[in-house]
Amino acid sequence: MILAVEVGAETVGSHIAPLLIELGAVVLGLAILGRAAHRVGLSPVPLYLLGGLAFGHGGVLPLTASGDFVEVGAEIGVLLLLLTLGLEYSASELVGNLRGSGWTAPVDLVANATPGFLAGLLLGFGWRGGLALAGVTWVSSSGIVAKTLSDLGRLANRETGSILSVLVLEDLAMALYLPVLTVVVMGGGLARGSLQVATAVGVLLLVLVVSLRYGERLSRLLPADNPELLTLTLMGAMLLVAGLTQQLQVSAAVGAFLVGIAVSGPVAIGAHQLLMPLRDLFAAVFFVFFGLSTDPSEIPAVLLPAVALGVLTAATKVGSGWYAARRAGVGKRGRLRAGLTLTPRGEFSIVIAGLAATGLGEARLTSLAATYVLLLAVAGPLLARCADPLANWMYPPLPGREPRLAG
Amino acid sequence: MAQPGRPDSHSRGDLGRVDVEETKLPGIGLRHEFLTVRERRIGVLTHRMGRRDVFLYSEDDPDAVESMVILTDDEADTLSGLLGGARFAEHLDRALGEVPGVAIERLPLPVDSRYAGHVLGDTHARTETGVSIVALLRAGDVLPAPGPATCLLGGDTLVVVGTPEGIAALSALLAR
């Protein structure tokens, strides 16, 4: 009996050491990459992806011991990304944005998803792959865009309202799109598929209505003044709801997003701060995991389509952003800024590609999405930075204006 | 109050006598802005975490912020007090300007005054000089209608109402 325990402990010990070493090396490596990204003012997402490529199959340093942990960690990373996103919005903000938005969301969808869908068909991924790629090219990265706005000191600009409105609408649309995509890539008949989509819509509406009506009361049940208990409560609720929604095949990520939406008020702000470090850690693991599951040797083959798709969908995003800003009564220079600021694609595109990869098993699609996001996550913030010089060139300020005293 | 054809998050409200435009920025906070009579657009962005940005829009590009100042909670309080306090005294001035023989004055309480750290009642201002102390301005805050038990601090400004002679006498009293 004792002997068995000792043997057991030893095998566990011999397994745990390489796992810890490997995991430590990976996370430290990410820290170094993140530091480099910070120094040059880039989003760390593309560098994390590159890190994942280096550690993956066919990379420079393939991981062997920590694969399982990274896989589960990546799953939690997606959930935390969506939970914290949901925490930033309240149900009333979402509904308010939807009400006043008019054609903004449809224009954004048609302009940016169509190129992805057609590219999917052209490259031979079938309509399922096309649908996944449509999602990849559709959604801007809330994370990168928000950070760019704050880095460039444009939070108070008048076009920022329309930029954020587009992001909110896209995030809300994801709550419908992800379940649809889950159903589509998992196969299953039309009848079962539509049943699941109906379930997804039902769950979404239920959560929106419940959190509109009882959000504050529900949020008051949370232990706001105890960080430890708040973390445990939210993590527990997130995992449980995500698991249940996954069971219903509505997509776990949407479950986590809905938990975030349901929590509102001061608790949501506190919880957001509390979960940030956890999210950063696990989201980094997720991006690495996605890089891991991408085969770097596939990239040269998809480089050209990725660049073409990147250029095309950057242009369509400028168009749909321009439209959104014009609706809000913003001037031409502001419209250009809005469009260019919305070009980065990031975490959501990777979430979508990851979902498609598990279902479709199309290696080229994964590499294409990874390359595409690498391109636009780096180029997007640079484009946003170029907006003002570009606007000066396109719409020069009227010369010969009387200089006026301030005030 | 939503404007037709505009997103619902925009609304115009009348804060005071100026047409203030309010915009909700999901995930960031709330932005208020207005156009001054001299055609400069100025605004305040209140972040969810309490940070406040005061900013001025560019004259060439009405949508772009030209310069911005980031204020902490305390700094924002101080700024609003400076604006609010000055306005408070002006309002009083205007209200009392028409009463002959009554003056309103702002008297600083010297840091080394014997009354610094004492309660207002200790000055016996009203019995000695006939002057009423109607408000205290402290670090940008307005404390209206202070009572005899209100504590005075060096550096406070007292807003007083009385005859010019009475106010002069109080000024001398406070400087002791």
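Note that the structure is a prediction, hence the values are computed from the model and not measured.

The rules we used
Residues numbered from 1 in each chain as written. Chains lettered and ligands numbered in written order. Predicted model: local features only at pLDDT ≥ 70, side-chain atom pairs only at ≥ 80, totals over all residues. Heavy atoms only, no water. Helix = DSSP H or I, 4+ residues; strand = E, 2+ residues; numbered from the N terminus. Buried < 20%, exposed > 50% of the residue type's maximum accessible area, 1.4 Å probe, protein only. Contact = heavy atoms within 4.5 Å. Areas by Shrake-Rupley, 256 points an atom, 1.4 Å probe, with all protein chains shown as cover. Buried area = accessible area lost by both parts, 1.4 Å probe. Salt bridge = Lys/Arg side-chain N within 4 Å of Asp/Glu carboxyl O. Polar contact = N/O pair within 3.5 Å; in protein donor to acceptor, adjacent residues only side chain to side chain. Nonpolar A, V, L, I, M, F, W, Y, C, P; charged D, E, K, R; others polar. Pairing = 2+ DSSP bridges. Axes fitted to C-alpha atoms, helices over the stretch in contact; angles between N-to-C directions. Patch = residues over 30% accessible without salt bridge, like charges linked within 9 Å, V, L, I, M, F, W, Y side chains within 5 Å. Lys, Arg positive; Asp, Glu negative; His and termini not counted. Charge placed at Lys NZ, Arg CZ, Asp CG, Glu CD. Core = buried A, V, L, I, M, F, W, Y, C linked by side-chain atoms within 4.5 Å. pLDDT = per-residue confidence, 0-100.

Engineer: Describe the overall build of chain B, listing the residues and the values that go with them.
Structural biologist: The secondary structure content of chain B amounts to 3 helices and 10 strands. Across the 176 residues in chain B, those meeting the buried criterion constitute 35%. Expressed as a percentage of contacts within chain B between residues at least 6 apart in sequence, the contacts between residues at least 24 apart total 40%. Accessible surface, chain B: about 9700 Å² in total, of which carbon and sulfur atoms supply 57%.

Engineer: Lay out the interface of chain A and chain B in plain terms, naming residues and giving numbers.
Structural biologist: Listed as interface residues are 30 residues of chain A and, on the opposing side, 28 residues of chain B. When the buried area of chain A at its contact with chain B is split by residue, L155, A156 and R158 of chain A rank highest and sum to 25% of it. For the pair chain A and chain B, the number of links is 5 salt bridges. In this structure, E21 of chain B and R158 of chain A form a salt bridge, with 3.9 Å as the shortest nitrogen-oxygen distance. There are 10 residue pairs in polar contact (both at pLDDT 80 or more) connecting chain A and chain B. Those elements that place two or more of their residues in the side of chain A that touches chain B are helix 3 (67-88), helix 4 (91-99), helix 8 (160-185), helix 12 (266-292) and helix 14 (332-341) of chain A. For the side of chain A that touches chain B, the class distribution of residues is 11 nonpolar, 10 polar and 9 charged.

Engineer: Summarise the sheet that holds strand 8 (residues 132-138) of chain B; cite the residues concerned and give the values.
Structural biologist: Residues and elements named next belong to chain B. Ordered in space as 7-10-8-9, the 4 strands form an open sheet in which the pairing is antiparallel. What marks the edges here is a single partner per strand, and that holds for strand 7 (103-108) and strand 9 (141-144). Here the average twist between neighbouring strands, direction ignored, is 25°. Summarising the sheet, strand 8 and strand 9 pair through 4 bridges and their orientation is antiparallel.

Engineer: Explain a negative patch on the surface to me, and be specific about the residues and the numbers.
Structural biologist: All names here are of chain B. Among the surface-exposed residues, D74, E75, D77 and D141 lie close enough to one another that they form a single negatively charged patch. Position of D141 relative to the elements: it lies in strand 9. Taking relative accessible area as the criterion, D141 reaches 43% and is therefore assigned partly exposed.

Engineer: Residue-level account of helix 7 (residues 142-151) of chain A, with values.
Structural biologist: For helix 7 of chain A, the set of buried residues is S142, I144, V145, T148 and L149 of chain A. G153 of chain A, located one to two residues past helix 7 of chain A, shows a positive phi value of around 65°.

Engineer: Quick one: what's the story with the nonpolar core, residue by residue and with numbers?
Structural biologist: Counting 95 residues, the largest nonpolar core has L83, L133, L178, F286, F287, F348 and I352 of chain A as its most contacted members. No other element matches the 13 residues that helix 12 of chain A contributes to this core. Core analysis: the next-biggest nonpolar cluster, separate from the first, contains 20 residues, V145, L155 and A338 of chain A together with L45 of chain B among them.

Engineer: Describe in detail the confidence of the model for chain B, supporting the description with residues and values.
Structural biologist: Low pLDDT marks stretches whose predicted atomic positions should not be read closely. Residues and elements named next belong to chain B. On average, residues of chain B score 79 in pLDDT, and 84% of them reach the 70 mark or higher. Every residue in residues 1-10 is under pLDDT 50, and counting partners more than four places away or in other chains gives 24 contacts. Confidence metrics for the complex model read pTM 0.75 and ipTM 0.73.

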